[in-house]
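Summary of the model geometry
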Amino acid sequence: MKKIIIMCLMLVIAAGAFAQSAPSAGLTDSDVTSFSKNYGSIKAELEKLGIDVQDTDSVADAKSAEAKVNSILNKNGISGSNPVAKLKAIAFGYAVEKFEATMAEDPQASKMLQSMGIDPIADVRKEVAPADCKVVKKHLNELQKAFDDDDFPATSSSDQSSSTDSYDMAALQQYQNMLSASDYENSDTKARKEVLKKYDVKKKFNVLKDNDGSEWIIIKSSDITFANSTEAEIYAENYVGVSGDWSLCSSCGYLGQHSDGKPFYTWGNDGILCYEKFPIDYDTCAPDRVIYDADVTPTMAKKAVLQLYKY
């Protein structure tokens, strides 16, 4: 939402103070379509006035540019005597409607926010009339192409106080973090379900006991061939075939201490750890090389074992 919020900052500063409950700017379909089509030109011409939309300090120094901004906007298809108000309605309206669309696609995040009584864009809603939001919503896809919806601008200490009049940066950042956590959780849950469906975590394996009392399970590729280290790690974390708290060993492990000198390959955190030269350095258990997941082939996967150790 970087350009959205930068534009919001620019409009609030250039046009002066706005009422807490904004009246309709009379936004039309034509205004929104013209903005989307001419966004590049609008941005370039504002920069000629010394308004750098990537720099909030520069924007803060452009308070006297409203008349020229009006002219630029009229020329680029945003009609009427209040083009700055219309552009403000487009920017804030897009922030509101994009948020609503995102929530519709992520019910889990929506429920989370509702349960916490949080509306990250409450202050943004106050800056745009429902009638203008309705117009913006009809053109959400074309506005998406105009705005860069990636991240938040880096605000300096000098402009933080003015920016909070337009939106609550902390709340918006909290919302972004929640979505990121939710995306990660959804991805992690999906991967876990796929692994549990693909492999039998209840399968019995022999337990090996080391001289120091530690216990190991060595799952050979002939028993289970994992596609990557993520699968191996999820399997290890969910293994229940033998009682105990089992975990993936991302080092030379049991085989490193009982090798017959032949090369062996074991799953680590990021791929396959390859031990090919002997004797092994038991202090570091560093592999001779690592084949990262992106480079693991089915042939190589068939050579790797999964070493589980019990806490």
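Residues numbered from 1 in each chain as written. Predicted model: local features only at pLDDT ≥ 70, side-chain atom pairs only at ≥ 80, totals over all residues. Heavy atoms only, no water.

Focus: the packing of helix H4 (residues 66-75) against helix H5 (residues 83-105)
Viewed as axis vectors pointing N to C, H4 and H5 meet at an angle of 70°, and their least axial separation amounts to 8 Å. The angle between the axes of H4 and H5 places the two elements in the roughly perpendicular class. Counted together, Glu66, Val69, Asn70, Leu73 and Asn74 of H4 and Pro83, Val84 and Leu87 of H5 form the full contact between these two elements. Its residues assigned to classes, the contact of H4 with H5 comprises 5 nonpolar, 2 polar and 1 charged. (Axes fitted to C-alpha atoms, helices over the stretch in contact; angles between N-to-C directions. Helix = DSSP H or I, 4+ residues; strand = E, 2+ residues; numbered from the N terminus. Parallel < 35°, antiparallel > 145°, perpendicular 65-115°, else oblique. Contact = heavy atoms within 4.5 Å. Nonpolar A, V, L, I, M, F, W, Y, C, P; charged D, E, K, R; others polar.)

Topic: H5
In a regular helix each residue adds 1.5 Å, so 23 residues correspond to 33 Å; H5 covers 32 Å between its end C-alpha atoms and thus fits that length. Taken across its 23 residues, H5 has 17 buried, putting it largely inside the fold. (Expected span 1.5 Å × (residues − 1). Buried < 20%, exposed > 50% of the residue type's maximum accessible area, 1.4 Å probe, protein only.)

A word on the packing of aromatic side chains
Overall, the coordinates contain 10 aromatic pairs when judged by the stated rule. Each ring, one from tyrosine 199 and one from tyrosine 235, has its centre 6.4 Å from the other, and the planes form 85°; the classification is edge-to-face. Here tyrosine 199 is found in the loop between helix H11 (169-198) and strand S1 (208-209), whereas its partner tyrosine 235 is found in helix H12 (residues 229-238), with 36 residues between them in sequence. Assessed through its relative accessible area of 11%, tyrosine 199 is described here as buried. Tyrosine 235 sits in the buried class, given a relative accessible area of 0%. Ring centres of phenylalanine 205 and tyrosine 239 lie 6.0 Å apart, and the angle between their planes is 45°; on these two criteria the pair is classed as tilted. Residue phenylalanine 205 is located in the loop between H11 and S1, and its partner tyrosine 239 is located in the loop between H12 and strand S3 (246-248); the two are separated by 34 residues in the primary sequence. Side by side, phenylalanine 205 and tyrosine 239 carry an identical accessibility label, which is buried. (Phe/Tyr/Trp six-rings, centres within 6.5 Å; stacked < 30°, edge-to-face > 60°.)

Points about the nonpolar core
With 33 residues, the main nonpolar core has Leu27, Phe35, Leu73, Ile90 and Leu143 as its most contacted residues. Counting residues per element, this core draws most heavily on H5, which supplies 10 residues. By size, the runner-up hydrophobic cluster in this structure holds 27 residues, among which are Val201, Ile234, Tyr239 and Met300. (Core = buried A, V, L, I, M, F, W, Y, C linked by side-chain atoms within 4.5 Å.)

Examining the confidence of the model for the protein
Mean pLDDT over the protein: 77, with 75% of residues reaching 70 or higher. The model gives residues 56-60 a pLDDT under 50, and that stretch makes 16 contacts with residues more than four places away or in other chains. (pLDDT = per-residue confidence, 0-100.)

Focus: the pairing of strand S7 (residues 304-310)
A large share of S7 lies buried, amounting to 5 of its 7 residues. Relative to S7, strand S2 (residues 215-219) runs antiparallel, the two being bridged by 4 bridges. Directly across from tryptophan 216, in S7, lies its bridge partner tyrosine 309. Bridge analysis of S3 against S7 gives 3 bridges, and the strand direction is antiparallel. Within S7, the position partnered with leucine 248 by the bridge is leucine 308. Of the strand pairs in this sheet, strand S4 (residues 264-267) and S7 are connected by 2 bridges, and their pairing is parallel. Bridge assignment links threonine 266 to a residue of S7, and that residue is valine 305. (Pairing = 2+ DSSP bridges.)

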